[in-house]
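Spelled out from the first residue to the last, the chains are:
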Amino acid sequence: MANQYEKLVAQKARLKDKMDREDFKLRQSKYYENRQAHKARSRRLIQKGALLEKYFQADKLSVEQTEDLLKMFADYVNAHKPSKLKNDQPNS
């Protein structure tokens, strides 16, 4: 009886270790996915900022001045945006 109990305790320990390893892998995977998403977002923001500076010649403007510039034209741009560039349209 004691031998069977020891086997069950050992099996429980092995299963707990396996669960801990799987939990670690899951957390590591989620961290990697989040990190990749963060990198992609950062890259996209940098690219868009570069385009803003290029086409609006805003490289000498402060962040506040750039925001004021964008606020001035936001309503017009959003009202005249082609339908293929609107966010509410499904991608083809």
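Anything mentioned here points back to the structure above.
An account of the accompanying structure is given in this report. (Residues numbered from 1 in each chain as written. Predicted model: local features only at pLDDT ≥ 70, side-chain atom pairs only at ≥ 80, totals over all residues. Heavy atoms only, no water.)

### Details of the pattern of salt bridges
Inspection of every chain in the model, using the stated rule, returns five salt bridges. D20 serves as the salt-bridge partner of K16, at 3.2 Å between the closest nitrogen and oxygen. Of this pair, K16 and D20 are both found in helix α1 (residues 2-56), four residues apart, which corresponds to roughly one turn of the helix. Among the salt bridges present, the one from K60 reaches D59, with a minimum N-O distance of 3.9 Å. Taking the relative accessible area as the measure of exposure, K60 reaches 73% and is therefore exposed. (Salt bridge = Lys/Arg side-chain N within 4 Å of Asp/Glu carboxyl O. Helix = DSSP H or I, 4+ residues; strand = E, 2+ residues; numbered from the N terminus. Buried < 20%, exposed > 50% of the residue type's maximum accessible area, 1.4 Å probe, protein only.)

### Some points on the side chain of T66
Mapping T66 onto the fold places it in helix α2 (residues 63-79). In contact with T66, not counting residues within four places along its chain, are L52, A58 and L61. (Contact = heavy atoms within 4.5 Å.)

### Observations concerning the layout of surface pockets
Its volume calculated, the largest pocket comes out at about 460 Å³. Residue lining of the largest pocket: 13 residues in total, with K48, L52, F56, L70 and V77 positioned closest to the centre. Going through the elements one at a time, α1 and α2 are the ones with two or more residues in the lining of the largest pocket. Taken together, the residues of the lining of the largest pocket break down into 11 nonpolar, no polar and two charged. (1 Å grid on protein atoms, 1.4 Å probe; cavity = no way out; pocket = protein on both sides within 12 Å on 5 of 7 lines; lining within 4 Å. Points joined across faces, edges and corners; volume = space filled by probe spheres on them. Nonpolar A, V, L, I, M, F, W, Y, C, P; charged D, E, K, R; others polar.)

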